[in-house]
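As a plain string of letters, each chain reads:
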Amino acid sequence: MKYEAYSEIYKERFPFWDTLSDIDKEYLCKNTATKIFDKGSKIYDGNDVGGVIFLIKGSLRVYMISEDGKELTLMRIHKNELCILSASFIAQPISFDVFVDAEEQSECYYINGDAFERINNNYPQARVYALETTVESFSNIMWIMQQILFMSMDKRLAIFLLDEINRTQTNTVMLTHSLIAKYMGSAREVVSRMLKYFENEGIVELSRRGVKILDKKRLFELTQ
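In what follows, the accompanying structure is described.

Reading guide: rules and limits
- Numbering of residues starts from 1 in every chain and runs along the sequence as written.
- With the structure being a predicted model, the display of local features is reserved for residues of pLDDT at least 70 and the display and counting of side-chain atom pairs for 80 or more, all residues being used for whole-chain, interface and lining totals.
- For side-chain calculations, the full set of non-hydrogen atoms in the structure is used, while hydrogens and water are omitted.
- The rule for pairing is simple: two strands pair if DSSP sees at least two bridges between them.
- Only DSSP runs of H or I with at least four residues qualify as helices, and only runs of E with at least two residues qualify as strands; both kinds are numbered from the N terminus onward.
- Nonpolar core, defined: a set of buried Ala, Val, Leu, Ile, Met, Phe, Trp, Tyr and Cys residues in which side-chain atoms within 4.5 Å join the residues together.
- Three exposure classes are used, based on accessible area relative to the maximum for each residue type with a 1.4 Å probe and protein chains only: buried under 20%, partly exposed in between, and exposed over 50%.
- In this analysis, two residues are considered to be in contact whenever any of their non-hydrogen atoms come within 4.5 Å of each other.
- Between the N-to-C directions of two axes lies an angle of 0 to 180 degrees, each axis being a line fitted to C-alpha atoms and, for a helix, fitted only over the stretch in contact.
- For this classification, under 35 degrees means roughly parallel, over 145 means roughly antiparallel, 65 to 115 means roughly perpendicular, and everything else is oblique.
- Left-handed describes a crossing whose near helix is turned anticlockwise from the far helix by less than a right angle; the clockwise case is right-handed.
- In this classification, Asp, Glu, Lys and Arg are treated as charged, Ala, Val, Leu, Ile, Met, Phe, Trp, Tyr, Cys and Pro as nonpolar, and every other residue, Gly included, as polar.
- Planes of paired rings set the category: under 30 degrees apart is stacked, over 60 is edge-to-face and the rest tilted, where pairs are Phe, Tyr or Trp rings (Trp by its six-membered ring) whose centres lie within 6.5 Å.
- Distance and angle both matter: a charge sits over a ring if NZ of Lys or CZ of Arg is within 6 Å of the ring centre and within 35 degrees of the ring normal.

**Observations concerning the sheet that holds strand β8 (residues 106-112)**
In spatial order, the strands read β1-β8-β3-β6; together these four strands make up an open sheet with antiparallel pairing. With partners counted over all chains shown, the strands left at the sheet margins are β1 (32-37) and β6 (82-83), one partner each. Across six bridges, strand β3 (residues 51-57) lies against β8 in antiparallel orientation. Looking at the pairing, I53 lines up with Y110 of β8.

**What to know about the nonpolar core**
Residues L157, L161, I180, F198, V211 and L219 are the most contacted members of the largest nonpolar core, which totals 22 residues. For this core, the secondary-structure elements that each account for two or more residues are α6 (153-168), α7 (177-184), α8 (188-200) and β11 (210-213). Those residues in contact with L219, other than ones at most four positions away along the chain, are A158, L161, L162, F198, I203 and I213. In this structure, I9, F54, Y123 and A130 belong to the second largest nonpolar core, which totals 21 residues.

**Some words on unusual backbone geometry**
Located in the positive-phi region is N80, a residue other than glycine, with phi close to 70°. If you trace the backbone, N80 turns up in the loop between β5 (71-78) and β6. Not every positive phi belongs to a glycine, and Q169 is a case in point at roughly 55°. Relative to the elements of secondary structure, Q169 occurs in the loop between α6 and β9 (172-173).

**Some thoughts on the packing of α7 against α8**
A packed helix pair is summarised by two numbers, namely the angle formed by the two axes and the spacing between the axes. Contact pair α7 / α8: the axes reach a minimum separation of 8 Å and the direction vectors enclose 115°. On the basis of the axis angle, α7 is roughly perpendicular to α8. Handedness of the crossing formed by α7 with α8: right-handed. Touching H177, S178, I180 and A181 of α7 are R188, V191, S192 and L195, all from α8. Among the residues making up the contact of α7 with α8, the classes are represented as four nonpolar, three polar and one charged.

**Comments concerning the packing of helix α4 (residues 113-122) against helix α5 (residues 124-150)**
At their nearest, the axes of α4 and α5 sit 5 Å apart, and the two run at 115° to each other. Residues F116, I119, N120, N121 and N122 of α4 form the contact with α5, whose own contacting residues are P124, A126, R127 and A130. Among the residues forming the contact of α4 with α5, the class breakdown is five nonpolar, three polar and one charged.

**Regarding the packing of aromatic side chains**
For the structure shown, the criterion picks out 13 aromatic pairs. Aromatic pair F16 and F116: ring centres 6.4 Å apart, planes at 75°, arrangement edge-to-face. Pair noted here: F16 is in the loop between α1 (3-13) and α2 (22-30) and F116 is in helix α4, with a separation of 100 residues, a long-range link. Here F16 matches F116 in class, with each residue buried. Ring pairing ties together the aromatic residues Y6, Y10, F14, F16, W17, F54, Y109, F116 and Y129, which thus form one cluster. Taking the ring centre of Y183 as reference, the NZ or CZ of R76 above it sits at 4.1 Å. Against the face of Y27 rests R118, its NZ or CZ located 3.7 Å from the ring centre.

Written out as structure tokens, the structure reads:
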């Protein structure tokens, strides 16, 4: 993609864009690449420079792995969202390893981590933006942790299902029980039992296509 095309995108996406010099605008664009990742591809594993990812199409998962190999999903990145945790200057101070995988075939604009760090160091407005974006990400992570530590399973599952149908604007969550459990940091058996309970209560309908929401009002009541 040409400099002008990236420039138009960043002008709309980055509030600090107009404060950059023309030289640094061109530098950032020249250090951007359009990348396509196949489903299941590992995008960042903490061992490389990493970068800032602006997702154009698809879905990414940011997660950590416990010592016994259990994965805990920290957040999911969707179309038109930014993942800055994969940049080494953000990830290195974190005391746990962060991983980023493609949940499905995904296309993104990938800004070299060193290039973004240079802009971040030279422009206070860019540094503020990076900080605010990181704080927002960690706020989302803390919300996930709060659910895991303090909420009952039925409430957590209800919140997850409502978030999914609101995001996709459909009444069916097109995910397997295993994937739902993976995203929630739970066991598949636990999720399956709770979904079966929801089905017996007439709240959802289970099929090979996914989980169809039949009673959104009752599902919402479970989140209260």
